[in-house]
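Coordinate inspection notes
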Amino acid sequence: MRLSAALLLTALLCSTAASAQSPQALTLTGDFWGTHDPSIIKAGDTWYVFATGRSQDGGQFQLRCSTDLLAWKVCGHVFDAIPDWIKKDSPGTIELWAPDISYENGEYRLYYAYSLFGKNTSGIALATNKTMDAHSPDYKWVDHGLVLKSLATDDFNAIDPNDVTDAKGHAWLAFGSFWTGIKMRRLDEKTGMLSTADTKTYALATRKRPESPGPDEPNLPPGWEAIEAPFIVHHGGYYYLFVSWDLCCRGAKSTYRTMVGRSKQVTGPYVDDQGVPMMEGGGMPLLKANDRWAGPGGESVLLQPGGHDIIVFHAYDAHTGRRALQISTLTWHDGWPHAALEQ
């Protein structure tokens, strides 16, 4: 008897969750190549992955869909073009970055970033939609503009947003790339914009400067710390902060790797499995390169009913340098997550 792809996936997820087996990397087909900084959500019987990058028709934030997590197809984009206000604020921007999709307050919220590579003159913005069904008359992405901005004089970089809801229902925005690391701001739950009641910038994680940076490092500020792409989930009484260390965007030479720490409070302090604070460079390794794939990072996590948790991320073909969507089941052992990279 031959099972359908959906039944095979269900069997895999159930087996993994029930027996606490090692995590399993899924073998994907279809339009999974070219995906960068994936963010995933499920609506109805379909999973949607938003990613950095322009579609073939020039649209911003290519959208991919699947009904079984295995076979993927391109199914649209968010913006037809870069919003005019971003063109005015950042004329050099040709591509929007790092979409983060969530469902909050009865709407789908897409936080996204704009910047220039190696600069922290950046911004995070918000777009919303009432539905993920492109055939619905209510389907329309509405851009609400700037949420948070960083300037050259700031010690942080306002990119790589992640919308987090804590156990009390409060909304937060984690963000950051290089400079002094990962930060967090409180959001207004109703509007999705920054809170006026709590204006503190919380520091979550940072890196220590390498003793001998390579000669071909990008044009980054002195004392750079290679940490970015925060993503936070609440699981088993802890908040888990996933981050990407080292360098992306170099094809087969990418050195990205995914690390994780945890905290009892959403604002930290986060520590790794050895008790090292992430504000002191700590982080438990979760995903690292193998002979087939380089630079696994830019991750997002989807906690699903029945313990069928997954992590999506991008990696680069170790031989050709092509980037691709990757998905692994996420298993939990002794209070820590574990994931796999396809061999």
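Residues numbered from 1 in each chain as written. Predicted model: local features only at pLDDT ≥ 70, side-chain atom pairs only at ≥ 80, totals over all residues. Heavy atoms only, no water.

**Here's the deal with the overall build of the chain**
Secondary structure assignment for the chain yields two helices and 22 strands. Considering only intrachain contacts with a sequence separation of at least 6, the fraction spanning at least 24 residues in the chain is 53%. Counting only carbon and sulfur atoms, one obtains 51% of the accessible surface of the chain, whose full area is about 15100 Å². (Helix = DSSP H or I, 4+ residues; strand = E, 2+ residues; numbered from the N terminus. Contact = heavy atoms within 4.5 Å. Areas by Shrake-Rupley, 256 points an atom, 1.4 Å probe, with all protein chains shown as cover.)

**Here's the deal with the state of the cysteines**
This structure, assessed with the given rule, holds two disulfides. One disulfide bridge connects Cys 65 with Cys 75, the sulfur atoms lying 1.7 Å from each other. Measuring handedness by torsion sign, the sulfur bridge of Cys 65 and Cys 75 sits at about 75° and is right-handed. Of the two residues, Cys 65 sits in strand β4 (residues 60–66) while Cys 75 sits in strand β5 (residues 71–79), which places them ten residues apart along the sequence. Paired through a disulfide, Cys 248 and Cys 249 show a sulfur-sulfur distance of 2.1 Å. Between Cys 248 and Cys 249, the S-S torsion sits near -50°, and that sign places the bridge as left-handed. (Disulfide = S-S within 2.5 Å.)

**Topic: unusual backbone geometry**
Geometrically, the link from Gly 268 to Pro 269 is a cis peptide bond, its omega value of 10° lying close to zero. Following the sequence through the fold, Pro 269 ends up in the loop between β16 (257–263) and β17 (284–287). A positive phi angle, close to 65°, is found at Phe 61, a residue other than glycine. Turning to its location among the elements, Phe 61 is positioned in strand β4. Look at Phe 61 and you get buried, because its relative accessible area is 0%. Look at Trp 179: it is not a glycine, yet its phi comes out positive at around 45°. Topologically, Trp 179 is positioned in the loop between β11 (171–175) and β12 (182–186). By relative accessible area, Trp 179 is classed as buried at 13%. (Buried < 20%, exposed > 50% of the residue type's maximum accessible area, 1.4 Å probe, protein only.)

**Looking at the packing of aromatic side chains**
Across all of its chains, the model carries 13 aromatic pairs by this definition. Centroid distance Trp 85 to Tyr 114: 5.6 Å. Interplanar angle 85°. Geometry classified as edge-to-face. Residue Trp 85 is located in helix α2 (residues 84–89), and its partner Tyr 114 is located in strand β7 (residues 107–114); the two are separated by 29 residues in the primary sequence. We classify Tyr 114 as buried; its relative accessible area is 1%. Three or more aromatic residues joined by ring pairs make a cluster, and in this case those are Tyr 238, Tyr 240, Trp 332 and Trp 336. Over the aromatic face of Tyr 238 sits the side chain of Lys 264, whose NZ or CZ is 4.2 Å from the ring centroid. A cation sits over an aromatic face here: Arg 322 above Trp 33, 4.2 Å from the ring centre. (Phe/Tyr/Trp six-rings, centres within 6.5 Å; stacked < 30°, edge-to-face > 60°. Lys NZ or Arg CZ within 6 Å of the ring centre and 35° of its normal.)

**Brief notes about the side chain of Ser 195**
Secondary-structure assignment places Ser 195 in the loop between β12 and β13 (202–205). Judged by its relative accessible area of 8%, Ser 195 falls in the buried class. Contacts of Ser 195, omitting those with residues within four sequence positions, involve Arg 185, Arg 186, Leu 187 and Asp 188.

**Looking at the sheet that holds strand β18 (residues 293–302)**
Read across the sheet, three strands follow the order β18-β19-β20 without closing on themselves; strand pairing throughout is antiparallel. Only two strands of the sheet have a single partner each, and these edge strands are β18 and β20 (323–329). Across the sheet, the mean angle from the axis of one strand to that of its neighbour is 25°, orientation sign disregarded. (Pairing = 2+ DSSP bridges. Axes fitted to C-alpha atoms, helices over the stretch in contact; angles between N-to-C directions.)

**Side note on the confidence of the model for the chain**
As a general rule, the predicted coordinates of low-pLDDT regions are not to be interpreted in detail. Predicted confidence across the chain gives a mean pLDDT of 91, with 90% of residues reaching 70 or more. Counting interchain partners and residues more than four positions distant, the pLDDT-below-50 stretch residues 15–19 has ten contacts. (pLDDT = per-residue confidence, 0-100.)

**Re the pattern of salt bridges**
One pass over the full model with this rule turns up six salt bridges. For Asp 89, the salt bridge is made with Lys 149, and the minimal N-O distance between the two is 2.8 Å. Of this pair, Asp 89 sits in helix α2 while Lys 149 sits in strand β9 (residues 142–150), placing them 60 residues apart in sequence. For Lys 149, a relative accessible area of 35% puts it in the partly exposed group. Sharing partners across several salt bridges, the network here consists of Arg 207, Asp 246 and Arg 257. (Salt bridge = Lys/Arg side-chain N within 4 Å of Asp/Glu carboxyl O.)

**Looking at the nonpolar core**
If you look at the biggest cluster of nonpolar residues, it comprises 33 residues, and the most contacted ones within it are Ile 40, Leu 69, Trp 72, Phe 242, Ile 311, Leu 325 and Ile 327. Of all the secondary structure elements, the ones that give two or more residues to this core are β3 (46–54), β14 (227–235), β15 (238–245), β17, β18, β19 (310–317) and β20. Of the residues forming this core, the biggest block, five residues, is contributed by β19. Beyond its immediate stretch of four places on either side in the chain, Trp 72 contacts Leu 28, Thr 29, Gly 30, Asp 31, Ile 40, Trp 47, Val 49, Arg 64, Cys 65, Ser 66, Leu 325 and Ile 327. By size, the runner-up hydrophobic cluster in this structure holds 21 residues, among which are Ile 41, Val 78, Tyr 112 and Ala 125. (Core = buried A, V, L, I, M, F, W, Y, C linked by side-chain atoms within 4.5 Å.)

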